[in-house]
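The chain contents come next:
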Amino acid sequence: MTSETVQQVGRMAERAVEAATSVGREVQARIYREGVFGRRPAVPVEPAALEAAAQRRMSPQAWSYVAGGAGQQRTVRANTEAFDRHRIVPRMLVDVEQRSQSVELFGRRLPSPYLLAPIGVLEMAHREAEHAVARAARSLGVPMVLSTQASVPMEEVASDLGDSPRWYQLYWSKDDGVVDSFVRRAEAIGSDALVVTLDTHVLGWRTRDLDLAYLPFARAEGIAQYVSDPHFRSLAEHRAANPPAVAGPQPRPTPAAVRALLSMTRHYPGRFRDNLRSPVPRAAVETFLDVFSRSSLTWDDLAYLRDRTSLPIVLKGIQDPRDAQLALEHGVDGIVVSNHGGRQVDGAIASLDALPAVVDTVGGRVPVLFDSGVRSGADAFKALALGAQAVLVGRPWVYGLALAGEDGVRAVMEHLMAELDLTMALSGVTDLAGITRDLLA
């Protein structure tokens, strides 16, 4: 068979599935065309295969941190199992030749209802961390929600994103100066919204991380927003100059302790040699562990944040419709129904099960987004049918990042967009407004 013949066969395979223009058919055709030349996707399309491939690639510590949840992993399982209780009922003989999955959020038209959920410590998955994710997000026009627990300062990520949309996720620190500084920086990088995560004012009982005795923050991993922040650095420098008294004998150094100290040294800004002689990198980790998040917050504290920013304020972690009502009463601009991917409370309600009541309570007054458990385009379809206006995706694109960096993130998100498009077509839907509850059994 000649090279020209092979290329003709490839074009035939492409035309067989790309009779009309759509993201679903474009991605599908690309994969099948490559198959003619004996090339399979570098990043698995099937969700379980994607997860298994990422686990083989990642270290035990990275895998436990990303994939693990609270306690016996019951909420993690509940999140995915909830989708099985809703079945799509396709409609026939509807003209779906032209389709769009675009959505408008906070004045910006987006190409799809997907957002990249805020995920911390991405350096555990890939050395390029947020740099790779931002480039992938920019190529797709998908909003990236920048994590407070990032491995790369937000200003550098914003540079990678260019004009692509970005939101900033805030963990509300015990130190008001850190909060104020993070908010100012989020505004300066052009964030479209401020996402306040409510459900992680203390870390959940994460058994997999505990069994490995591994907390990345204790090694200065995932605290780039802090050590790049002028106010936080002043706190760390003050602590280094005025160390707290330590009672009792100190443990003898171990190889693991030395490695942790080297990690702190490497992650703090400045020359490695200078940091190695300085007490500030270690003081920065200790300061972070002291000020990470605040458990004393109440609804009245939202006024403090509103006084400091004109950005839309979105609350992430709402599961009870009573909290949704309180959010409206306190003037928030959006809600994310989420249980943090099952990472905080073991045995909690599945995020999808919490969604309809929150949507009904909100009644369209502010956007309701969905997070936790989405593994496929069909999952996203169901969340949209139950009333979500957009969907945050977390673990799947981190698995793609671990496997192939920027290309892996892009591939996973393209697969999700493609499946959503084809699910819409096969269900008789041409746009997101047509994805309604009556399409679910």
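Up top is the structure these notes are about.
Residues numbered from 1 in each chain as written. Predicted model: local features only at pLDDT ≥ 70, side-chain atom pairs only at ≥ 80, totals over all residues. Heavy atoms only, no water.

A. Up close: helix α7 (residues 154–161). Along α7, the positions that sit buried rather than exposed are Met 154, Val 157, Ala 158, Asp 160 and Leu 161. Buried residues of α7, viewed axially, fall in a sector of 160°; they line one side. At its buried positions, α7 is contacted by α6 (129–140), β4 (144–146), β5 (166–170), α8 (176–188) and α10 (224–227). In the segment just after α7, Gly 162 is the residue with positive phi, at about 60°. (Buried < 20%, exposed > 50% of the residue type's maximum accessible area, 1.4 Å probe, protein only. Helix = DSSP H or I, 4+ residues; strand = E, 2+ residues; numbered from the N terminus. Arc of directions from axis to C-beta. Contact = heavy atoms within 4.5 Å.)

B. Structural view of the packing of α6 against α7. Orientation of α6 relative to α7, taken along the N-to-C sense of each, is 30°, at an axis distance of 8 Å. One finds that α6 runs roughly parallel with respect to α7. As α6 packs across α7, the resulting crossing turns out to be right-handed. Facing Glu 130, His 131, Ala 134, Ala 137 and Arg 138 of α6, the residues of α7 in contact are Glu 156, Val 157, Ser 159, Asp 160 and Leu 161. (Axes fitted to C-alpha atoms, helices over the stretch in contact; angles between N-to-C directions. Parallel < 35°, antiparallel > 145°, perpendicular 65-115°, else oblique. Left-handed = near helix turned anticlockwise from the far one by under 90°.)

C. Local environment of unusual backbone geometry. One non-glycine residue, Gln 73, lies in positive phi territory at about 65°. Checked against the element boundaries, Gln 73 lands in the loop between α4 (60–67) and α5 (74–81). Its identity as a non-glycine residue notwithstanding, Ala 213 has a phi of 50°, on the positive side. Turning to its location among the elements, Ala 213 is positioned in the loop between α9 (207–212) and α10.

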